[in-house]
2 protein chains.
Amino acid sequence: MKLTHFTDYSLRVLIFLAAEPTRRATIAEVAEAFDVSAHHLTKVVHFLGKEGWLANVRGKGGGMELALPPQHIVVGRVVRAAEGADLPAECFGDDPDHCPIARVCRLRGVFKEAVDAFYAVLDRYTLADLVQNRAALGRVLGIQALEPRGVAGRA
Amino acid sequence: MKLTHFTDYSLRVLIFLAAEPTRRATIAEVAEAFDVSAHHLTKVVHFLGKEGWLANVRGKGGGMELALPPQHIVVGRVVRAAEGADLPAECFGDDPDHCPIARVCRLRGVFKEAVDAFYAVLDRYTLADLVQNRAALGRVLGIQALEPRGVAGRA
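From a predicted model like this one, the values you see are computed outputs, not experimental measurements. (Residues numbered from 1 in each chain as written. Chains lettered and ligands numbered in written order. Predicted model: local features only at pLDDT ≥ 70, side-chain atom pairs only at ≥ 80, totals over all residues. Heavy atoms only, no water.)

1. Thoughts on the overall build of chain A
Line of reasoning, step 1. A tally of regular secondary structure across chain A gives seven helices and two strands.
Line of reasoning, step 2. Reading chain A from its N end, one meets helices and strands in the order α-α-α-β-β-α-α-α-α.
Line of reasoning, step 3. Residue burial in chain A is summarised as follows: out of 155 residues, 45% are buried.
Line of reasoning, step 4. For chain A, restricting intrachain contacts to residue pairs at least 6 apart in sequence, the fraction spanning at least 24 positions comes to 68%.
Line of reasoning, step 5. Carbon together with sulfur atoms contributes 52% to the accessible area of chain A, which is approximately 8,100 Å² in total. (Helix = DSSP H or I, 4+ residues; strand = E, 2+ residues; numbered from the N terminus. Buried < 20%, exposed > 50% of the residue type's maximum accessible area, 1.4 Å probe, protein only. Contact = heavy atoms within 4.5 Å. Areas by Shrake-Rupley, 256 points an atom, 1.4 Å probe, with all protein chains shown as cover.)

Okay, here's the thing in structure tokens:
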């Protein structure tokens with residue numbers, strides 16, 4: 001069972017932004033932190049913005065930030081939206097004639113029930129649950145919190 | 001969320017064999033019924049045999065048949081075995097260093113729980129549940145039950 005890279009990257013961008021909510025991020029920063037292509041992330045960021053989870057702030061000090069508090073971003077909704085119409089097997093397609101037995105086979109119903117159970121678990125978690133250890137995440141991702149000008153380096 | 005074609009074909013071969021258990025089948029027949037490549041099915045049949053779900057009977061009247069009654073073939077076990085180590089996102093890989101935050105991110109645990117829920121549903125169904133409407137399946141797949149010699153065609 002595989003989720004798409006698009007889903008994987010969508011979650012990573014949100015985790016990056018939630019790990020240090022006091023500062024805005026750029027696509028280049030996220031791409032570097034996860035060692036993934038900035039080109040792919042551009043589409044992901046556009047998608048997250050369209051869905052209302054990410055906001056782009058222009059101008060000096062601008063960049064990407066979460067558009068909602070992390071506890072309001074439900075993991076199951078992000079994964080469902082990112083996966084789109086990709087369903088687990090051919091018999092799930094929009095065109096039941098893809099598989100000749102689609103109309104008489106019970107597999108479709110069984111898979112539907114299993115997929116619903118999968119998403120029911122993801123619906124119980126929010127982005128806030130994923131970044132409970134924000135300090136460790138920030139360290140691993142090389143994210144530095146903004147500090148009052150002049151104070152950084154003295155501590 | 002996608003299962004592999006290998007899993008899809010594994011289930012189809014088992015459904016074909018369970019739809020009309022009074023006769024043995026050939027790879028060519030299954031390939032034609034589902035309009036899929038016989039080449040791919042050869043690997044699938046080998047896998048199903050190795051796992052103990054399918055038997056090949058040689059000689060005249062030989063062919064593939066189920067090695068177990070359909071009610072003893074659990075859908076979740078077939079899907080798990082066919083999917084192998086393919087897990088839903090990069091953070092599930094054997095090498096946690098694939099993703100730099102694997103060690104501090106809670107997503108892995110959340111996905112594990114969701115995947116377990118997915119398979120828990122599939123574990124509640126057997127091949128017998130999938131072919132409850134055997135007569136309709138047999139018709140769609142063009143499978144004819146064996147009839148006593150000389151009787152076919154008279155009815």
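2. A closer look at the relation of the copies chain B and chain A
Line of reasoning, step 1. When chain B is fitted onto chain A, the two copies agree to an RMSD of 0.0 Å after a turn of 180° and an axial shift of 0.0 Å. Both copies of the chain, as the preceding transformation shows, are related through a two-fold rotation axis.
Line of reasoning, step 2. Both copies present the same face, since 98% of the interface residues in chain B are matched by interface residues at the equivalent positions in chain A. (Least-squares fit on C-alpha atoms with pLDDT ≥ 70 in both.)

3. Focus on the interface of chain B and chain A
Line of reasoning, step 1. Listed by partner, the interface residues are 41 residues for chain B and 40 residues for chain A.
Line of reasoning, step 2. The junction of chain B with chain A conceals about 4,300 Å² of combined surface from both sides, 67% of it contributed by carbon and sulfur atoms.
Line of reasoning, step 3. Across the chain B-chain A interface, the total number found is two salt bridges.
Line of reasoning, step 4. Note that E113 of chain A is salt-bridged to R124 of chain B, the shortest N-O span being 2.6 Å. (Buried area = accessible area lost by both parts, 1.4 Å probe. Salt bridge = Lys/Arg side-chain N within 4 Å of Asp/Glu carboxyl O.)

4. With respect to the environment of M64 of chain B
Residue and element names in this part refer to chain B.
Line of reasoning, step 1. As for its position among the elements, M64 is in strand β2 (residues 63–66).
Line of reasoning, step 2. Residue M64 is classed as buried on the basis of its relative accessible area of 3%.
Line of reasoning, step 3. The sequence separation of M64 and L17 amounts to 47 residues, and the corresponding C-alpha distance is 7.6 Å.
Line of reasoning, step 4. Discounting chain neighbours no more than four positions away, the residues touching M64 are L17, R24, A25, T26, I27, V30, V45, L54, A55 and N56.

5. Digging into helix α1 (residues 5–19) of chain B
Line of reasoning, step 1. An ideal rise of 1.5 Å per residue puts 21 Å on 15 residues; α1 of chain B measures up with 21 Å between its terminal C-alpha atoms.
Line of reasoning, step 2. Among the 15 residues of α1 of chain B, 13 are classified as buried, and the element is accordingly described as predominantly covered. (Expected span 1.5 Å × (residues − 1).)

6. Overview of the packing of aromatic side chains
Line of reasoning, step 1. Scanning the entire structure with this criterion turns up six aromatic pairs over all chains.
Line of reasoning, step 2. Members of the aromatic cluster, joined through ring pairs, are F6, F47 and W53 of chain A. (Phe/Tyr/Trp six-rings, centres within 6.5 Å; stacked < 30°, edge-to-face > 60°.)

7. Things to note about the pattern of salt bridges
All names here are of chain B.
Line of reasoning, step 1. One pass over the full model with this rule turns up 12 salt bridges over all chains.
Line of reasoning, step 2. E65 is paired through a salt bridge with R24; the nearest N and O atoms lie 2.7 Å apart. Of this pair, E65 sits in strand β2 while R24 sits in the loop between α1 and α2 (27–34), placing them 41 residues apart in sequence.
Line of reasoning, step 3. On the basis of relative accessible area, R24 is assigned to the partly exposed category, the value being 32%.

8. Focus on the confidence of the model for chain A
Interpreting fine coordinate detail is not advised for predicted regions of low pLDDT.
All names here are of chain A.
Line of reasoning, step 1. The pLDDT averaged across chain A works out to 84; a share of 81% of its residues lies at or above 70.
Line of reasoning, step 2. At the level of individual helices and strands, chain A shows its lowest average pLDDT in helix α7 (residues 134–141), which scores 78, and its highest in helix α3 (residues 38–50), which scores 96.
Line of reasoning, step 3. The low-confidence segment residues 148–155 (pLDDT under 50) makes one contact with residues lying over four places distant or belonging to another chain.
Line of reasoning, step 4. As a predicted assembly, this complex carries a pTM of 0.84 together with an ipTM value of 0.83. (pLDDT = per-residue confidence, 0-100.)

9. Observations concerning the packing of helix α1 (residues 5–19) of chain A against helix α4 (residues 75–83) of chain A
Residues and elements named next belong to chain A.
Line of reasoning, step 1. Where α1 contacts α4, the axes come no closer than 9 Å and their chain directions differ by 140°. For the element pair α1 / α4, the angle class is oblique. As for how α1 packs across α4, the hand of that crossing is right-handed. Where α1 approaches α4, its residues F6, T7, S10, L11 and L14 are matched on the opposing element by V75, V78, V79, A82 and E83. (Axes fitted to C-alpha atoms, helices over the stretch in contact; angles between N-to-C directions. Parallel < 35°, antiparallel > 145°, perpendicular 65-115°, else oblique. Left-handed = near helix turned anticlockwise from the far one by under 90°.)

10. Overview of the environment of V78 of chain B
All names here are of chain B.
Line of reasoning, step 1. Within the secondary structure, V78 sits in helix α4 (residues 75–83).
Line of reasoning, step 2. Placed 42 residues apart in sequence, V78 and A120 show a C-alpha to C-alpha distance of 13 Å.
Line of reasoning, step 3. Look past the residues within four positions of V78 in its chain and what remains in contact with it is S10, L11, L14, F47, W53 and I73.

11. Some thoughts on unusual backbone geometry
Note: most peptide bonds trans; most residues except glycine with negative phi.
Residue and element names in this part refer to chain A.
Line of reasoning, step 1. Residues other than glycine seldom take positive phi values, yet D35 does so here, at roughly 55°.
Line of reasoning, step 2. Residue placement: D35 occurs in the loop between α2 (27–34) and α3.
Line of reasoning, step 3. A relative accessible area of 70% means that D35 is categorised as exposed.

12. Quick word on the pairing of strand β1 (residues 54–57) of chain A
All names here are of chain A.
Line of reasoning, step 1. Direction of pairing for β1 relative to strand β2 (residues 63–66): antiparallel, over a ladder of four bridges. What sits directly across from L54, in β2, is L66.
Line of reasoning, step 2. Following β1, the chain reverses through five residues before pairing antiparallel with β2; G59 in that reversal takes a positive phi of roughly 90°. (Pairing = 2+ DSSP bridges.)

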